[in-house]
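Architecture at a glance
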Amino acid sequence: MSAPIKVAVAGFGGRMGQMIAGLVQTENSFTISAATEAPNSNLIGQDISQSLGIQKTGVEISPSPNMLGRNSDVIIYFTRPEATMEHLKIALETNTSMVIGTTGLNLAEEKKIEEASKQIPIIYCANTSIGMTLLMQQVKKIASILDDSWDIEIVETHHNQKVDAPSGTALALGAAASEGRSVSLDDVRDYGRDGITGPRKQGNIGFSVVRGGDVAGEHSVIFFGKDERIELTHKANDRVIFARGALKATQFIAGKLGQKNYSGYFTMDDVLG
């Protein structure tokens, strides 16, 4: 039996951090090697066992992100966009693989992730759900078949605490559709409509945003044709699906450890193979 994959969890006390840590306890393939939280968190200094209801592990929650790269195989990062680059730097300095699920990154930050992947293996994706990955694949395929007389609209719904819009997943769906049509999303995206907007421009990809309640995430891609339409929808009933996908991604990228070409930029498409 191979040794468990040593996972470092940033934002341990957050929803995703707790879900990932909880799943790790049910899998013999993983072990938590490091955990961090914001300096003002009341979890600082606690053994991770106190949050998970397990026997003491000896792994204390630290305010220092530098801890993540020590004695870890993979850093899982799903927290704040503004801190992503700091954690990426730590991964580079310690030669540690990363799974990044942060949304709201700008193009310059995404470019830095691509550059870093030339030195270490990185999985970067807006949504680690297996179902969403399959949806994106189908959106790209359908968009490649239908011409631009078919209008494309992406409708996304999230809880009322989400701070970015459209969601990173909605943008990724738009990118899949535009890639299928061999156009740049920046050239065809239509983010908002208010007032006298005039008729819809042929070929544009529209985004509609809904915020309310505690919705984990719902995304629909609608292809409007003449006298017919195609609707593809993914609904996240529980955020645990993202943690489950993150661990699947972790297992994939940990397999790159020790390989001759120890680097590369990967997505969930690669994980599903």
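**Quick notes on the packing of helix H3 (residues 81–94) against helix H4 (residues 107–116)**
Packing of H3 against H4 brings their axes to within 11 Å, and their N-to-C directions diverge by 15 degrees. Comparing their axes, H4 and H3 come out roughly parallel. The two elements H3 and H4 cross, and the hand of that crossing is left-handed. Contacts between H3 and H4 involve Pro81, Met85, Leu88 and Leu92 on the former and, on the latter, Glu109, Lys112, Ile113 and Ala116. Classifying every residue of the contact of H3 with H4 gives 6 nonpolar, no polar and 2 charged.

**Side note on the side chain of serine 97**
Note on placement: serine 97 falls in strand E5 (residues 97–100). Owing to a relative accessible area of 0%, serine 97 belongs among the buried residues under this scheme. Beyond its immediate sequence surroundings of up to four residues, serine 97 is in contact with Asp73, Val74, Ile75, Pro121, Ile253, Leu257 and Tyr262.

**A closer look at the sheet that holds strand E10 (residues 218–225)**
The 5 strands lie next to each other as E8-E9-E7-E10-E11, forming an open sheet whose pairing is mixed. Bordering the open sheet on either side are strand E8 (189–190) and strand E11 (228–235), each of which pairs with just one other strand. Looking at chain direction, E8 and strand E9 (residues 205–211) are connected through 2 bridges and run parallel. Looking at E9, one finds that arginine 189 is bridged to isoleucine 205. Together, strand E7 (151–158), E9 and E10 form the strand contacts of helix H6 (residues 168–180), whose direction differs from that of E9 by roughly 165 degrees.

**Quick look at H6**
Along its 13 residues, H6 runs 18 Å from first to last C-alpha, staying within 8% of the 18 Å computed at 1.5 Å per residue. If you check which residues of H6 are buried, you get Gly168, Thr169, Ala170, Leu173, Gly174, Ala176, Ala177, Ser178 and Gly180. Close packing links the buried residues of H6 with helix H5 (130–145), E7, helix H7 (185–188), E9 and E10. Count one or two residues on from H6 and you reach serine 182, which has phi positive near 60 degrees.

**Section: the pattern of salt bridges**
According to the stated counting rule, one finds 11 salt bridges in the structure shown. With a closest N to O distance of 2.7 Å, glutamate 156 and arginine 211 form a salt bridge. Of this pair, glutamate 156 sits in strand E7 while arginine 211 sits in strand E9, placing them 55 residues apart in sequence. Look at glutamate 156 and you get buried, because its relative accessible area is 1%. With a shortest N-O distance of 3.1 Å, aspartate 164 and lysine 162 are connected by a salt bridge. Three or more residues are tied together by salt bridges with common partners; here these are Asp151, Glu153, Asp190, Arg193 and Arg200.

**Quick word on the sheet that holds strand E6 (residues 121–124)**
Spatially, E3-E2-E1-E4-E5-E6-E12 is the arrangement adopted by the 7 strands of the open sheet, whose pairing is parallel. Of all strands in the sheet, those bounded by a partner on one side alone are strand E3 (61–62) and strand E12 (264–266). Lying on the sheet, helix H8 (residues 240–254) is in contact with strand E1 (5–9), strand E2 (30–36), strand E4 (74–77), E5, E6 and E12; it crosses E5 at an angle near 155 degrees.

**Some remarks on the packing of aromatic side chains**
Applying the stated rule across the entire model yields 2 aromatic pairs. Ring plane angle 75 degrees and centroid distance 5.2 Å describe the contact between tyrosine 191 and phenylalanine 207, whose orientation is recorded as edge-to-face. Taken as a pair, tyrosine 191 in the loop between E8 and E9 and phenylalanine 207 in strand E9 lie far apart in primary sequence, 16 residues in all. With a relative accessible area of 34%, tyrosine 191 lands in the partly exposed category. The class for phenylalanine 207 is buried, based on a relative accessible area of 3%. Here the aromatic rings of phenylalanine 252 and phenylalanine 266 are separated by 5.4 Å at their centres, their planes lie at 75 degrees, and the arrangement is edge-to-face. Taken together, the residues phenylalanine 252 in helix H8 and phenylalanine 266 in strand E12 connect sequence positions 14 residues apart. The buried category is assigned to phenylalanine 266, whose relative accessible area is 14%.

The rules we used
Residues numbered from 1 in each chain as written. Predicted model: local features only at pLDDT ≥ 70, side-chain atom pairs only at ≥ 80, totals over all residues. Heavy atoms only, no water. Axes fitted to C-alpha atoms, helices over the stretch in contact; angles between N-to-C directions. Helix = DSSP H or I, 4+ residues; strand = E, 2+ residues; numbered from the N terminus. Parallel < 35°, antiparallel > 145°, perpendicular 65-115°, else oblique. Left-handed = near helix turned anticlockwise from the far one by under 90°. Contact = heavy atoms within 4.5 Å. Nonpolar A, V, L, I, M, F, W, Y, C, P; charged D, E, K, R; others polar. Buried < 20%, exposed > 50% of the residue type's maximum accessible area, 1.4 Å probe, protein only. Pairing = 2+ DSSP bridges. Expected span 1.5 Å × (residues − 1). Salt bridge = Lys/Arg side-chain N within 4 Å of Asp/Glu carboxyl O. Phe/Tyr/Trp six-rings, centres within 6.5 Å; stacked < 30°, edge-to-face > 60°.

Read these as spatial facts, not as claims about activity.
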